[in-house]
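# Summary of structural features
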Amino acid sequence: MREQPCANGVARHFVPEGFQTYAAPELAAAPPWAAGVCFNPACGRDFAPSRSWQIYCCAGCERQGVAELRRWGHRMALPLLVWRMGKYAPGGSAAGDLTRAARRYVAHAQSAWLAERLQRGDAA
Ligand SMILES: [Zn+2]
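Structural notes, computed from the coordinates.

Scoring rules and cut-offs
Residues numbered from 1 in each chain as written. Predicted model: local features only at pLDDT ≥ 70, side-chain atom pairs only at ≥ 80, totals over all residues. Heavy atoms only, no water. Helix = DSSP H or I, 4+ residues; strand = E, 2+ residues; numbered from the N terminus. Buried < 20%, exposed > 50% of the residue type's maximum accessible area, 1.4 Å probe, protein only. Contact = heavy atoms within 4.5 Å. Areas by Shrake-Rupley, 256 points an atom, 1.4 Å probe, with all protein chains shown as cover. Lys, Arg positive; Asp, Glu negative; His and termini not counted. Charge placed at Lys NZ, Arg CZ, Asp CG, Glu CD. Donors = N, O, S within 2.8 Å, 3.2 Å for Na, K, Ca; no water. Tetrahedral: all angles 85-135°; square planar, octahedral: opposite > 155°, others 65-115°. Expected span 1.5 Å × (residues − 1). Core = buried A, V, L, I, M, F, W, Y, C linked by side-chain atoms within 4.5 Å. Polar contact = N/O pair within 3.5 Å; in protein donor to acceptor, adjacent residues only side chain to side chain. Phe/Tyr/Trp six-rings, centres within 6.5 Å; stacked < 30°, edge-to-face > 60°. Axes fitted to C-alpha atoms, helices over the stretch in contact; angles between N-to-C directions. Parallel < 35°, antiparallel > 145°, perpendicular 65-115°, else oblique. Left-handed = near helix turned anticlockwise from the far one by under 90°. Nonpolar A, V, L, I, M, F, W, Y, C, P; charged D, E, K, R; others polar.

## Looking at the overall build of the chain
The secondary structure content of the chain amounts to four helices and zero strands. Written out in order from the N terminus, the α and β elements of the chain read α-α-α-α. Taken along its principal axes, the extent of the C-alpha atoms in the chain is 50 × 45 × 35 Å. Expressed as a percentage of its 124 residues, the buried residues of the chain come to 21%. Within the chain, contacts between residues at least 6 apart in sequence are counted, and of these 34% link residues at least 24 apart. For the chain, the accessible surface area stands at approximately 9900 Å², while carbon and sulfur atoms represent 60% of it. Taken together, the 15 basic and 9 acidic charged side chains of the chain have centroids lying 5 Å from each other.

Given below as C-alpha cells:
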C-alpha cells in the first residue's frame, strides 16, 4: 500500500517552477515565438490565440511540441546533471574530462535540435 503524502509536511527540496513561469517577464519582453504563429515549425500556421500564453495553433501541434520537448529534454537530462555534478571537478582529472564532455554534448544537442527545427520549418 502506498503512503499518502502529508499535506502539512514541509517541502525538503526546492523544486523550481517551470521555465515559462520562472522567466515570464523575460519571455514577455523577448518571446522566442511570434504571437499568433504556431510554434510547431512543421506547421507555422497563423491562428487567433484564445489565451495570451498559447503558442500552438491546436491540440495536435501542442502534443507534437510536448513530444519534441520530451524527446530532446530526455537526451539532455543526463549530461545536464553530470555537468552540474562535476561543476567543481579539477581540470585535468577524469571527472573534469567527463564534465567537459557533458557540456560539449549539451551544446552539440542544442545545435542539432535547432537545426532539426529549422529543417522541419523549411520542409513545411
Ligand atoms: Zn500548428
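That covers the picture; the talk isn't over yet.
## Observations regarding the coordination of the zinc ion
Of the protein atoms, only C38 (SG), C43 (SG), C57 (SG) and C61 (SG) coordinate the zinc ion, at distances of 2.3 to 2.4 Å. Coordination at the zinc ion is tetrahedral, judged from the four donor atoms that bind it and the angles of 104 to 116° they form at the metal. One chain supplies every donor for the zinc ion, spaced along it as C-x4-C-x13-C-x3-C. Placement of C38 in the loop between α2 (24-29) and α3 (59-85) and of C57 in the loop between α2 and α3 is noted, with a sequence separation of 19 residues between them. In this structure C38 comes out as buried when scored by relative accessible area, which is 5%.

## Comments concerning α3
The end-to-end C-alpha distance of α3, which contains 27 residues, comes to 37 Å, matching closely the 39 Å that a straight helix rising 1.5 Å per residue would cover. Taken together, the buried positions of α3 are C61, G65, E68, W72, M76, P79 and V82. If you follow the buried residues of α3, they end up packed against α4 (94-123).

## A word on the nonpolar core
Core analysis: the largest hydrophobic core is formed by six residues, namely C38, F47, I55, Y56, C57 and C61. Excluding anything up to four places from it in sequence, C57 contacts C38, C43, R45 and F47.

## With respect to the environment of P49
Its location among the elements puts P49 in the loop between α2 and α3. Sequence spacing of P49 and E116 is 67 residues, and the spatial spacing of their C-alpha atoms is 26 Å.

## Some details on the side chain of N40
Locating N40 in the fold gives a position in the loop between α2 and α3. Among the polar contacts made by the side chain of N40, one reaches the side chain of Q64 at a distance of 2.9 Å. Leaving out residues up to four positions away in the same chain, N40 has contacts with Y56, C61, Q64 and R120.

## Re the packing of aromatic side chains
The geometry of an aromatic ring pair comes down to the distance between the two centres and the angle between the two planes. Taken as a whole, this structure holds three aromatic pairs when the rule is applied. Both rings, one in W33 and one in F39, keep their centres 5.3 Å apart while their planes meet at 80°; by these two values the pair is edge-to-face. Judged by its relative accessible area of 22%, W33 is partly exposed. Aromatic side chains W72 and W113 sit 5.8 Å apart centroid to centroid with 5° between the ring planes, which places their arrangement in the stacked category. A residue pair is termed long-range when its members are at least 10 positions apart, and W72 in helix α3 and W113 in helix α4 qualify at 41 residues.

## Concerning the packing of α3 against α4
One way to put it is that α3 packs onto α4 with a least axis distance of 7 Å and a crossing angle of 165°. In terms of their interaxial angle, α3 and α4 are classed as roughly antiparallel. As α3 runs across α4, the sense of the crossing is left-handed. Of the residues that constitute the contact of α3 with α4, the class distribution is 14 nonpolar, two polar and seven charged.

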